[in-house]
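Observations on chain architecture
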Amino acid sequence: MSVSDLIGALDAIPKLTTVPSSSASAQESVFLDAPEWLTEAYLQDALRKYYNDRRLKITWVKVNPALGKGENYGGVLTRVKAQFTRSDGSAQLGHYIVKSTFEGNDFAQKTMEPYDIFNREMEIYEQVLPKLKALLREIGDTEQIFAETMAVDIENSSLIFEDLNARGFTMPDRLKGLDMKITRLVLRKLAKMHATSAVMNERENHALEGYDRGFFNRYTDNYAPAFVGMLQAATRRVAQWPGYEKYAAKMEALVPIYMELGKRIFDISPGHINVLAHGDLWTNNVLVNYDKETGEPLDAIIIDFQYTVWGSPALDLFYFLNTSLEFDLHKSHQEELIAYYFGVFSETLKKLQYQTAVPSLHQFHQQMLEKKFYAAHTSISVLPIQRNVETDNADFNALMETNQRALNFKDACYRNPISERVLRELLPDFEAEGLLDADQ
Amino acid sequence: MAAAPEWLTHKYIEHALRSHYKDDDLTITRLQINPALGPGENYGGVLTRVRVNFKLSSPKEEKEQLQNLIVKTEIDDDELTQELMAPYDIYNREMTIYQEVLPKLRDLLMEIGDTEKIFPTAIFVDRERMAIIFEDLSVAGYVMADRVRRLNEEHTHLILRKLAKFHAASAVLNEREKGSLEGYDRGFFNKYTNAYSGYFVGGLLAAARWMSKVPKLAHYGEKLFALAPHYMDIGRECFEPTAGHVNVLAHGDVWTNNVMFKYDQLTGRPVDVLLIDFQYSFWGSPCIDLHHFFNTSLKEPLRRDQQNGLFQFYHSIFSETLKKLDYSQNPIPSLHQFKQQVEQKRFFAMHSTVVVQPVMISQDPTDACFNALMNDDERGIRFKNRLYTNPIVQQNLQALVPFFDRKGLLEVDQTC
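Residues numbered from 1 in each chain as written. Chains lettered and ligands numbered in written order. Predicted model: local features only at pLDDT ≥ 70, side-chain atom pairs only at ≥ 80, totals over all residues. Heavy atoms only, no water.

1. Comments concerning the overall build of chain A
Within chain A, the regular secondary structure consists of 16 helices and 11 strands. Here the C-alpha coordinates of chain A stretch approximately 75 × 55 × 45 Å along the principal axes. Within chain A, contacts between residues at least 6 apart in sequence are counted, and of these 75% link residues at least 24 apart. With the model as given, the accessible surface of chain A reaches about 18,400 Å², and the carbon-plus-sulfur share is 50%. For chain A, the distance from the average position of its 46 positive side-chain charges to the average position of its 61 negative side-chain charges is 2 Å. (Helix = DSSP H or I, 4+ residues; strand = E, 2+ residues; numbered from the N terminus. Contact = heavy atoms within 4.5 Å. Areas by Shrake-Rupley, 256 points an atom, 1.4 Å probe, with all protein chains shown as cover. Lys, Arg positive; Asp, Glu negative; His and termini not counted. Charge placed at Lys NZ, Arg CZ, Asp CG, Glu CD.)

2. Thoughts on the interface of chain A and chain B
Each partner contributes residues to the interface: chain A has 20 residues there, and chain B has 20 residues. Both sides of the chain A and chain B interface together cover about 1,800 Å² of buried area, and 51% of this is carbon and sulfur. Linking Lys407 of chain B and Glu335 of chain A is a salt bridge whose minimum nitrogen-to-oxygen distance equals 2.8 Å. Taken together, chain A and chain B are joined by seven residue pairs in polar contact (both at pLDDT 80 or more). Sorting the residues of the side of chain A that touches chain B by element identifies α11 (334-351), α12 (361-370) and α16 (417-432) of chain A as the ones contributing at least two each. For the side of chain A that touches chain B, the leading source of residues is α12 of chain A, giving seven residues. For the side of chain A that touches chain B, a count of residues per class yields five nonpolar, seven polar and eight charged. (Buried area = accessible area lost by both parts, 1.4 Å probe. Salt bridge = Lys/Arg side-chain N within 4 Å of Asp/Glu carboxyl O. Polar contact = N/O pair within 3.5 Å; in protein donor to acceptor, adjacent residues only side chain to side chain. Nonpolar A, V, L, I, M, F, W, Y, C, P; charged D, E, K, R; others polar.)

3. Structural notes on the domain arrangement of chain A
Taken domain by domain, chain A holds domain 1 (10-109) and domain 2 (168-432). Distance from the C-alpha centre of domain 1 of chain A to the C-alpha centre of domain 2 of chain A: 33 Å. (Domains from an automatic or database assignment.)

4. Considering a negative patch on the surface
Residue and element names in this part refer to chain A. There is a patch of like negative charges on the surface, built from Glu113, Asp116, Glu123 and Glu126. By secondary structure assignment, the location of Glu126 is in helix α4 (residues 117-138). Exposure remark for Glu126: the relative accessible area of 41% places this residue in the partly exposed category. (Patch = residues over 30% accessible without salt bridge, like charges linked within 9 Å, V, L, I, M, F, W, Y side chains within 5 Å. Buried < 20%, exposed > 50% of the residue type's maximum accessible area, 1.4 Å probe, protein only.)

5. Let's talk about the UniProt feature "domain: CHK kinase-like" (unreviewed entry) in chain A
Per the UniProt annotation, the sites labelled "domain: CHK kinase-like" (unreviewed entry) are residues 159-351 of chain A. Helix makes up 47% of residues 159-351 of chain A and strand makes up 12%, while its end C-alpha atoms are separated by 32 Å. (UniProt positions renumbered as here; feature names shortened; annotations may be inferred.)

6. A closer look at the pattern of salt bridges
Two side chains with opposite charge may pair up if their charged atoms get near one another. What the rule picks out here adds up to 53 salt bridges over all chains. Glu378 of chain B is the salt-bridge partner of Arg382 of chain B, the closest N and O atoms lying 3.4 Å from each other. Here Arg382 of chain B pairs with Glu378 of chain B, and both are found in helix α14 (residues 378-387), just four residues apart, close to one helical turn. Residue Glu378 of chain B is classed as exposed on the basis of its relative accessible area, which comes to 63%. Connected via shared salt-bridge partners are Asp141, Glu143, Arg188, Lys189, Lys192 and Asp299 of chain A.

7. Looking at the UniProt feature "domain: CHK kinase-like" (unreviewed entry) in chain B
Using the residue numbers shown here, the UniProt feature "domain: CHK kinase-like" (unreviewed entry) corresponds to residues 132-324 of chain B. Secondary structure content for residues 132-324 of chain B is 48% helix and 12% strand, and the end C-alpha separation is 32 Å.

8. Here we look at the domain arrangement of chain B
Each assigned domain of chain B is listed with its residue range as follows: domain 1 (10-73) and domain 2 (84-119 + 143-406). Computed from C-alpha atoms alone, the centre-to-centre distance between domain 1 of chain B and domain 2 of chain B is 32 Å.

9. Observations regarding the pairing of strand β3 (residues 65-73) of chain B
Residue and element names in this part refer to chain B. Here β3 lies mainly inside the structure; seven of its nine residues are buried. Two elements, β3 and strand β5 (residues 131-135), share five bridges in a ladder whose sense is antiparallel. Its bridge partner being in β5, Lys72 is matched across the sheet by Ile132. (Pairing = 2+ DSSP bridges.)

10. Considering the side chain of Asp272 of chain B
Residue and element names in this part refer to chain B. Looking at where Asp272 falls in the secondary structure, it is placed in strand β9 (residues 270-275). For Asp272, the side chain forms a polar contact with the side chain of Lys162, separated by 2.6 Å. Not counting residues within four places of it along the chain, the set of residues in contact with Asp272 comprises Tyr142, Leu158, Lys162, Met260, Phe261 and Lys262.

11. Structural notes on the packing of helix α5 (residues 197-212) of chain B against helix α12 (residues 347-360) of chain B
All names here are of chain B. Where α5 meets α12, the axes come as close as 9 Å, and the angle between the chain directions of the two elements is 95 degrees. In this view, α5 runs roughly perpendicular relative to α12, as classed from their interaxial angle. Residues Tyr199, Phe200, Gly203, Leu204 and Ala207 of α5 touch α12, and the partners they reach there are His351, Val354, Val355, Val356 and Val359. Looking at the contact of α5 with α12, its residues break down into eight nonpolar, two polar and no charged. (Axes fitted to C-alpha atoms, helices over the stretch in contact; angles between N-to-C directions. Parallel < 35°, antiparallel > 145°, perpendicular 65-115°, else oblique.)

12. A look at the environment of Leu137 of chain B
Residue and element names in this part refer to chain B. Looking at the secondary structure, you find Leu137 in the loop between β5 and β6 (142-143). A relative accessible area of 6% places Leu137 in the buried class. For Leu137 and Leu69, which are 68 residues apart along the polypeptide, the C-alpha to C-alpha distance reads 8.0 Å. Once residues lying within four places of it in the same chain are set aside, the contact partners of Leu137 are Pro120, Tyr142, Met260, Leu274 and Ile276.

This is the structure in structure tokens:
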């Protein structure tokens, strides 16, 4: 089910009837499954701050959940539609997304705590992304890469954004891979984000290098049950296929060293070019605007900066290319796409007069190759989560726990024919490159 | 055909045999001398076939022995070519390697119980006349494969096994002899001379000229034109050994005509291979030999699509042999680390594909001589242009130039 379908279904629910208020509008405010602090008063306050208009008044508000199960493991997304009047009397309809933490799930909160994802995302939206945007403006580039932030609420650990959905942006179907056009569009945005971040870091005396808590980091192994659990589920599946015994054996032998191999990818390699990586760049963290008539993709926006981390561009490139693409691109066109990305990346660095040495394209490929274990990890252990269709038990707990429900969830991920095809066709390539070896 | 050298007499050969068999009273009973090769077959020397019957002096043997020999001598080039080629010192190098290096490599492998023959034995080395006398492998049933049809996986695996052992043993020899092989620094790209640029840059430009006329390839042609002035420098950097890597005595010129195969009489399958011709050996990355070999001598689609498996096959024998021989000077690379070195040296794959292979698979004998290859004159340019009219060469470039371009290997600023 796509996000648009979900919204359509929710919109079809009959509205609550209440005692008519003194409001001139016929519509009433509706709050469905919203965080308890998300009230009309709260929203009015936020809008007043954003528009710098103390006499702004909300006429009505409609609030409902934005995503379904299996669509997001990183928190709660709430869609807000608000009709309001400005101090000059004009009426306006605003669309927003409110992003807030999980509530009432102790296990999830405890598990995620050392990754500090909510604080990080707020900090990034408040302090970093606006500067990246400014850097692009400096060279006359007006492309929008991120969603516009309306409000950052540290107390409630929440962010309010413009709702890009209202501007015609939708999430591509996570079950289908992205085609060449959209992929290049995303890579172009990513390259500009990376380049501006490298420049910002240089100008601001290494200010971004403190972001060192990505999926694999040297502080915590809390996500190990997810990553190693998925590897083990993959191994169980692969062991069933005739002719794949040797791959299953190698995958099994990887278990004790798997987290360490992941951490090495996130470690800073001397002499490599580093950037502020998005950290979780996949289909569901990209919104695309399609032409209404032709259906051609026109623009793409990157969202969700919870796992932002300073490190190799490989962190985003291998993650994105190995989770989100059409099969043929995934298997046979990654090098070409990396070359495309690098063209935009290096050109942007040059325009911004980046002072540190920029690698040649061939040197960049070599830097990526050093980190290529991440391509194997992502294809084997991450893609199957994202393409999962058995969504009844698709939640954070199922991903992170090791009980029977969690095992069942992970096994279900590998029953998916797309996951199966990726493993069947890519495992031999990874093996031939030594990426399944414990002593790589 | 080049005539046999006039000093190659009964007396000379008798002396050579006496020296090899350590028998001053050895006598020749029958001697046949004939030239061995035709034009376009090899630019590396004059080969003469010698068939000799002889008797040892003791014990009192009634029976005659028969030995088949190949005599390799320097080409009697024109002065200009001699001057051009002098800095590569190919004849001295090959003599030293046959005399001093290869026997030691064979001993090293013997240490771990590996008795596989990798190269032919040199019976006699003559520094004055710049000649090496070998056992004639063709009589032992070894033949050269077809350089135009190229090699399949079976043939390739045989070569890779020998090459891996050769490389590994050389790394160990160098370690034990505290750097004795590191002085070999005059491969095709070296810091002493650019003499091969007539061939290399000339070939690159001929390729660029052809590509400029093909709409889909014109933009790559532009890049090759821009690359030309930097080409020799980039090649030189590629040949530099990287500290910390396992470097080896690279063969330097591994291709179809520098190996000889033995076939099973009944099944027709190749059962053995020997490496020959060590004129361009140098100390450096084993990946350079592999890139050259794969991109000059493999059938398609083996070369285009199946190199991964070949690198893996080579690496497994290379690292295993290093381990067995207790190599410890540098960390033995894992397969992934080795693949990174393969990528680091991939300029040479581009070079081998675009510049070298068209010469190796040419069937056009017009102007096919060393002079036309090495020179930039009208004849040299015409010869090289003709190489790129070959439809096989054109297909290869259509398929592979975009591949190398994506890797950034057509860029001026690539630095190996």
